[in-house]
Structures are given as C-alpha cells and as structure tokens.
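Observations on the three-dimensional arrangement
Spelled out from the first residue to the last, the chains are:
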Amino acid sequence: MRKKLVAGNWKMHGSLAENAALLDAIKPALQGIEAAVCVPFPYLAQTQAALAGSSIAWGAQNLSEQAKGAFTGEVSAAMLIEFGCRYVIVGHSERRSLYGESDELVAKKYMAAQTAGLTPILCVGELLAEREAGVTEAVVARQLDAVIAAAGVASLARAVVAYEPVWAIGTGKTATPEQAQAVHAFIRSKIASLDAKVAEGLLIQYGGSVKASNAAELFVQPDIDGGLIGGASLVAGEFVAICQAAAK
Ligand code: PEP
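Predicted model, so just to flag it, every value in this text is computed and none were measured.

**Remarks on the pattern of salt bridges**
- Tallied over the full model, the rule gives 14 salt bridges.
- In this structure, the salt-bridge partner of Arg2 is Glu200, at a minimum N-O distance of 3.3 Å. One end of the pair, Arg2, is in the segment before β1 (5–9); the other, Glu200, is in helix α9 (residues 196–201), and 198 residues separate them in sequence.
- Of the residues examined, Arg2 reaches a relative accessible area of 17% and is grouped as buried.
- A salt bridge links Asp103 to Arg96; its shortest N-O distance comes to 2.9 Å.
- It is possible to trace a salt-bridge network through shared partners that takes in Arg2, Arg188, Glu200, Asp223 and Asp225.

Written out as structure tokens, the structure is:
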C-alpha cells in the first residue's frame, strides 16, 4: 500500500512571528506523522531550525532551472539543499498562469530539482474553461508528457504529482471526491501504460480547497495519496487535522 503525504503550501504568507507560532503548534501535534511544509525562501532557515529532528519535512515553492550563475533574483536547487529541503513545488498553477511558466520550463525545473537530490512536487491541473470544454485529461496528459519527454518516466519514482484543478485552488470550490478520483486514476493509468511499477508507487496528491472537513472523503479514494494544501496549511488546527486524516 502507498503511504499518504500531506504538504502545506504557504504561498507568499507568513512573518517570522507568525511562522514561529505555526511551526511550534504543528510540530508536536504531528509527531510521528510524515508531512511537509513548503515555505517562502526567506523562511527556510527558520523552518529548518524549528523542524529539525521532527517527522515534518520542509521545502520551497519554486526554484531556478539553472544550476548557478548570473540569474538575478533566482534560487538554485543546491541552495535549497543547503537549507535541508526535501521537497520543492514545480509547476504550481500560479507559476504557470501568473509568471508564464511553460510546460517545458516546468520540466527543466523538475530536472534541476532531481539533479540536486530534491523531490519535486509536480503540479498539474486544468482551468475551469478546460474542464467545461471536456479537455481535462488532455491538459493533464500534456503537462505530464512534457516532464516524461524531458526526464523519462522512471524519474517519477523520485517525484510526487499533485493534481490541482485550477478552479478549485483558493476558491473554496473543492472537486468532489469522484471528480478528483477520476483524474487521479487517469494519471496513474497513463503512467502505468509506460511503467506499471512506477505508476503503482507514485504518490498523487490532490490540491484545491482541501480543509479538515473534506479531507477524509478525498483521502479515502483509492488513487488519492494525500494532499497539497494552501490556505488551510496556515491554520495549525486545520493542517494538523488534514495530516491526521491522511495518516489514518
Ligand atoms: C495550493 O496552493 O496549491 C492550493 C491547493 O491552495 P488551496 O488549498 O488554498 O486551494
């Protein structure tokens, strides 16, 4: 059986004082539960110090596709490793839509992460208009294919995929468990057509307005292996309850 993994995505939220309170609250409550938080770059050192020795991993929300050099404002995978990161989110819909990240750039970032030893959390998902046009599977397949073409299907043994329907992110509109399960099953079967073993072991998280109140019904679905949690990961009680739902 696959384990489940819940990762928080703090987005551009937090302050040193707020983070200290949040990390102090989740650390003891998640003792022994595997979870992760993906924090803004400036808070990596604080997160590393607070969570060292706990079962909660940490990571970043973006990275450069470049290894080093004259790329002002960018942050490399090697730098994230120095702060003890295990995970890095790549291809979040906000990066794709607000910062114009193409499938090809996302694939390069995915490879840069893996080359340095980070586990990428690869986000895929369709816009509302794409769902309504009936092209959800085609969009998700295109996003996955870009990564598979660049890095190979075997690379997914060292990655996590997060299915995040864009219309459900930060909107309060969650995909129904059936809607989410259908896309998760599609993702797994698509990978299985290339490598059954990789598909069977692949963690596929659901993201999009997951809360303590709807986590259990999502996580009970056979192909949903935990969640990528935005807003609710900033509220200690919510995040802890979601992680506990996944650990059951
Ligand atoms: C996210 O940021 O990836 C996300 C899923 O956000 P939210 O849980 O707030 O919808």
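**Focus: the layout of surface pockets**
- Taken as a whole, the largest pocket encloses approximately 510 Å³ of empty space.
- Met12, Gln61, Asn62, Arg95 and Tyr99 are, among the 20 residues lining the largest pocket, the residues nearest its centre.
- By residue number, the principal contributor to the lining of the largest pocket is helix α4 (residues 93–98), which donates three residues.

**Topic: the packing of helix α10 (residues 212–219) against helix α11 (residues 236–247)**
- α11 packs onto α10 with a crossing angle of 15 degrees between their chain directions and a minimal axis gap of 9 Å. Classified by the angle their axes make, α10 and α11 are roughly parallel. Between α10 and α11 lies a crossing whose hand is right-handed. Packed against α10, whose contacting residues are Ala212, Ala215, Ala216 and Phe219, the element α11 presents Glu238, Ala241, Ile242, Ala245 and Ala246 at the interface.

**What to know about the site of the ligand**
- Taken together, 14 residues surround the ligand, and among them Lys11, His92, Glu164, Gly170 and Ser209 come closest.
- At a separation of 2.6 Å, an oxygen atom of the ligand approaches a polar backbone atom of Gly170.
- A distance of 2.8 Å separates an oxygen atom of the ligand from a polar atom in the backbone of Gly231.
- Protein coverage of the free-state accessible area of the ligand, which is 290 Å², stands at 96%.
- When its residues are assigned to classes, the shell around the ligand shows four nonpolar, eight polar and two charged.

**Description of the side chain of His92**
- Within the secondary structure, His92 is located in the loop between β4 (87–90) and α4.
- Separated by 3.0 Å, the side chain of His92 and the backbone nitrogen of Glu94 make a polar contact.
- Ignoring anything within four residues of it in the chain, the contact list for His92 reads Asn9, Lys11, Cys123, Glu164 and Ile169.

So, how was this worked out
Residues numbered from 1 in each chain as written. Predicted model: local features only at pLDDT ≥ 70, side-chain atom pairs only at ≥ 80, totals over all residues. Heavy atoms only, no water. Salt bridge = Lys/Arg side-chain N within 4 Å of Asp/Glu carboxyl O. Helix = DSSP H or I, 4+ residues; strand = E, 2+ residues; numbered from the N terminus. Buried < 20%, exposed > 50% of the residue type's maximum accessible area, 1.4 Å probe, protein only. 1 Å grid on protein atoms, 1.4 Å probe; cavity = no way out; pocket = protein on both sides within 12 Å on 5 of 7 lines; lining within 4 Å. Points joined across faces, edges and corners; volume = space filled by probe spheres on them. Axes fitted to C-alpha atoms, helices over the stretch in contact; angles between N-to-C directions. Parallel < 35°, antiparallel > 145°, perpendicular 65-115°, else oblique. Left-handed = near helix turned anticlockwise from the far one by under 90°. Contact = heavy atoms within 4.5 Å. Near = heavy atom within 4 Å. Polar contact = N/O pair within 3.5 Å; in protein donor to acceptor, adjacent residues only side chain to side chain. Areas by Shrake-Rupley, 256 points an atom, 1.4 Å probe, with all protein chains shown as cover. Nonpolar A, V, L, I, M, F, W, Y, C, P; charged D, E, K, R; others polar.

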